[in-house]
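Residue strings, one per chain:
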Amino acid sequence: MTDMNKLPISIETPRLLIRRWDLDDAAGLKEAIDTSLEHLRPWMPWAHHEPESLDKKRERIARQRVEFLVGESLHFGVFSSEGARVLGSVSIRITAASGTANFGYWLRADEARRGYATEAVLGCMFVAFRGLDVLTAEIYCDPANVRSAAIPARLGYHRIPAAVRKTSDGRDRVSEVWQMARDRFEEIYGMIEDYNLCYEPSGDTLI
Ligand SMILES: CC(C)(COP(=O)(O)OP(=O)(O)OC[C@H]1O[C@@H](n2cnc3c(N)ncnc32)[C@H](O)[C@@H]1OP(=O)(O)O)[C@@H](O)C(=O)NCCC(=O)NCCS
């Protein structure tokens, strides 16, 4: 399904630059997380192991760049449009066998409630449906995470009620699943022209 030689590495949206993490982003990523711990911890299990050192952040970004190359999980930083400030992160986990892409996301606490997460998830949909030839986009939500569930609801996803489910990384979790098929995406968003994908330049190095 996905041509690994032609992965999108960034997407520009009306207000955001969403791009693959670089090692030089470690300090900005650390600052965004360290200042948002109370906001992240209820929903992001990894946030309980934060704060971590700058070296660990660099190691994490290096690992995520390798996962990106393999084409299973694409981890992107979400930046202000001029690229100066880390606003959050989105990730796309691809299950090639089913043609499904699963999205994860978080925002730094002081940039919430401005529509950036919704815009970033729509950006992921352009990456998945236009850049990766995915058939179905999925978002798993804890039913108590009302702010998170509001994003797929706002974007027109179909909700499958909460149940104990296997997540894409194999854990059992009570979650609701929100889904959108590619046809539906094209129906709703097909005419939008200000979401621009950018692909890996030839000869770029990963780490
Ligand atoms: C989940 C999370 C990303 C949602 O953030 P959010 O700020 O609610 O989402 P958005 O950035 O899309 O903002 C939406 C709000 O901005 C408002 N908004 C303001 N300006 C806007 C604009 N120009 N365009 C669109 N929406 C705008 C919307 O009306 C909406 O407000 P409402 O909540 O009062 O209806 C955030 O709460 C978070 O990081 N939580 C911790 C991590 C987490 O739970 N991740 C998800 C795991 S499944």
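Conventions we followed
- Residues numbered from 1 in each chain as written.
- Predicted model: local features only at pLDDT ≥ 70, side-chain atom pairs only at ≥ 80, totals over all residues.
- Helix = DSSP H or I, 4+ residues; strand = E, 2+ residues; numbered from the N terminus.
- Rg over C-alpha atoms; globule rule 2.2 N^0.38 Å.
- Buried ≥ 20, exposed ≤ 12 C-beta atoms within 10 Å, placed from the backbone.
- Contact = placed C-beta atoms within 7 Å.
- Pairing = 2+ DSSP bridges.
- Axes fitted to C-alpha atoms, helices over the stretch in contact; angles between N-to-C directions.
- Parallel < 35°, antiparallel > 145°, perpendicular 65-115°, else oblique.
- Left-handed = near helix turned anticlockwise from the far one by under 90°.
- Core = buried A, V, L, I, M, F, W, Y, C linked by C-beta atoms within 7 Å.
- Arc of directions from axis to C-beta.
- Nonpolar A, V, L, I, M, F, W, Y, C, P; charged D, E, K, R; others polar.

Q: Hey, could you go over the overall build of the protein chain for me, with residue numbers and the actual values?
A: Scanning the protein chain for helices and strands turns up 6 helices and 9 strands. Taken against the 2.2 N^0.38 rule, which gives 17 Å for 207 residues, the C-alpha radius of gyration of the protein chain at 16 Å falls within 12% of a compact globule. Seen through its C-alpha atoms, the protein chain measures out along the principal axes to roughly 40 × 40 × 30 Å. Expressed as a percentage of the 207 residues in the protein chain, the buried residues total 30%. Nonlocal contacts in the protein chain, meaning residues at least 24 apart in sequence, comprise 64% of its contacts between residues at least 6 apart.

Q: Please give an account of unusual backbone geometry that cites residues and values.
A: The omega angle of the peptide bond from Glu50 to Pro51 is 0°, so this bond is cis rather than trans. Notably, Arg113 is not glycine yet its phi reads approximately 65°, a positive angle. With respect to the helices and strands, Arg113 occurs in the loop between strand E5 (100–107) and helix H4 (116–131).

Q: Can you break down the sheet that holds strand E7 (residues 158–166) residue by residue, with the values?
A: Spatially, E7-E8-E6-E5-E4-E3-E2-E1-E9 is the arrangement adopted by the 9 strands of the open sheet, whose pairing is mixed. Strand pairing shows two members of the sheet lacking a second neighbour, E7 and strand E9 (196–199), which therefore form its edges. Within the sheet, the average angular offset between the axes of one strand and its neighbour, ignoring direction, is 25°. Across 7 bridges, E7 lies against strand E8 (residues 172–181) in antiparallel orientation. Across the sheet, residue His158 finds its bridge partner in E8, namely Gln179.

Q: With reference to specific residues and values, describe the packing of H4 against helix H5 (residues 146–155).
A: In the contact formed by H4 and H5, the axes pass within 10 Å of each other and the chain directions differ by 60°. On the basis of the axis angle, H4 is oblique to H5. When the axes of H4 and H5 are compared, the crossing they make is right-handed. Together, Ala117, Thr118, Val121 and Leu122 of H4 and Ile151, Arg154 and Leu155 of H5 make up the contact between the two elements.

Q: Tell me what's going on with the nonpolar core, and back it up with residues and numbers.
A: Nonpolar side chains tend to gather and get buried jointly when the protein is soluble and globular. Counting 46 residues, the largest nonpolar core has Val90, Phe103, Ala120, Val121, Cys124, Met125 and Ala128 as the members making the most contacts within it. Among residues more than four places away in sequence, those in contact with Ala128 are Ile92, Ala101, Val134 and Ala137.

Q: Please provide a residue-by-residue account of helix H1 (residues 26–34), values included.
A: Within the span of H1, buried status applies to Ala26, Leu29, Lys30, Ala32 and Ile33. Mapping the buried residues of H1 onto a view down its axis gives an arc of 165°, with all of them on the same face. More than 90 degrees from the buried face of H1, the exposed residues found are Ala27 and Asp34. Residues of H1 that are buried in the fold lie against helix H2 (37–40), helix H3 (54–70), strand E3 (73–80) and strand E4 (86–95).

Q: Any chance you could break down the packing of H4 against helix H6 (residues 182–189) for me, citing the residues and the numbers?
A: At their nearest, the axes of H4 and H6 sit 11 Å apart, and the two run at 125° to each other. When the axes of H4 and H6 are compared, the pair comes out oblique. Seen along the crossing, H4 lies across H6 with a hand that is left-handed. Residues Leu122, Met125 and Phe129 of H4 touch H6, and the partners they reach there are Arg182, Phe185 and Tyr189. Counted by class, the contact of H4 with H6 contains 5 nonpolar, no polar and 1 charged residues.

Q: I'd love a proper account of the pairing of E4, names of residues and values included.
A: For E4, the buried fraction is high: 7 of the 10 residues fall into the buried class. Taken together, the 7 bridges between E3 and E4 define a ladder with antiparallel strand orientation. The residue bridging His75 from the neighbouring strand is Ser91, located in E4. Between the antiparallel neighbours E4 and E5 lie 4 residues, among them Gly99 with a positive phi of about 65°.

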